[in-house]
Amino acid sequence: GGTYPKGEQVGLYTLNLSSLEVAPLVTRVPHSADVSKPTVFATAKQKRAKVGSLNRSNSRLLAVSNDAAVSVDGKRIYFTESYVADGATMGGSAALKPVIMLGRTGRLWMYDSEDKTVGLVANGYAFTDGILMEGNGNEPEESVLLTDNSRFQLHRVHLAGARAGESEVLWRDLPGLADGMRRDSKGRIWLTII
């Protein structure tokens, strides 16, 4: 609930296990407007920006980056920005209005490690958290499961195929705050509840 240490930035980072070196991948994201309902940007229609081109004029610092998931081929990293507000921290007072009042600033972003770009995948959620990619592993994901904690919901955002650009609620009224997810060999989805 406090402030971040001076000089540290919220973002997506890599950790080299042999050298223990931490390096930023994404700390800024392109400007994006808040929306009044869940909005999904199909993979073919996503606008991506080169991470190296992002600056104060065309982007903003990430507010609260929460969860991340890496594609099977290691080329794409999806990550949530739980909510956007000035002074945002996990559990801080800046969360009261957008999270408790069920705002619509939660976002899902995707970083492409091949071309070093970042783009908005979905927005319009109250508090984005858990992520689970869906697909056959050989091609870019057809959909991503995403938790919206403040609304106690599990969504499927369709990125490709006949339903590309849609957000579908799979489970309403979850019995708690949903976080990490995994799928087992039988296709069942395991979901942690806080």
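Procedures and definitions
Residues numbered from 1 in each chain as written. Predicted model: local features only at pLDDT ≥ 70, side-chain atom pairs only at ≥ 80, totals over all residues. Heavy atoms only, no water. Patch = residues over 30% accessible without salt bridge, like charges linked within 9 Å, V, L, I, M, F, W, Y side chains within 5 Å. Areas by Shrake-Rupley, 256 points an atom, 1.4 Å probe, with all protein chains shown as cover. Salt bridge = Lys/Arg side-chain N within 4 Å of Asp/Glu carboxyl O. Helix = DSSP H or I, 4+ residues; strand = E, 2+ residues; numbered from the N terminus. Buried < 20%, exposed > 50% of the residue type's maximum accessible area, 1.4 Å probe, protein only. Pairing = 2+ DSSP bridges. Phe/Tyr/Trp six-rings, centres within 6.5 Å; stacked < 30°, edge-to-face > 60°.

1. Here we look at a nonpolar patch on the surface
A surface patch of nonpolar side chains, amounting to about 540 Å² of accessible area, comprises Tyr 13, Leu 15, Leu 17, Leu 20 and Val 22. Tracing the sequence through the fold places Leu 15 in strand E1 (residues 12–15).

2. Points about the pairing of strand E9 (residues 106–112)
Among the 7 residues of E9, 7 are classified as buried, and the element is accordingly described as predominantly covered. Bridging between strand E8 (residues 76–81) and E9 involves 6 bridges; their strand directions are antiparallel. Looking at the pairing, Tyr 78 lines up with Met 110 of E9. As judged from the 7 bridges shared by E9 and strand E10 (residues 117–125), these two strands associate in the antiparallel manner. Residue pairing for E10: Arg 107 is matched across the bridge by Asn 123.

3. A closer look at unusual backbone geometry
Notably, Leu 20 is not glycine yet its phi reads approximately 60°, a positive angle. The residue Leu 20 is located in the loop between E1 and strand E2 (22–26) in this model.

4. Digging into the packing of aromatic side chains
One pass over the structure, following the stated rule, counts 1 aromatic pair. Both rings, one in Tyr 83 and one in Phe 127, keep their centres 6.2 Å apart while their planes meet at 25°; by these two values the pair is stacked. Here Tyr 83 is found in the loop between E8 and helix H1 (96–100), whereas its partner Phe 127 is found in the loop between E10 and strand E11 (128–134), with 44 residues between them in sequence. The class of Tyr 83 is buried, set by a relative accessible area of 0%.

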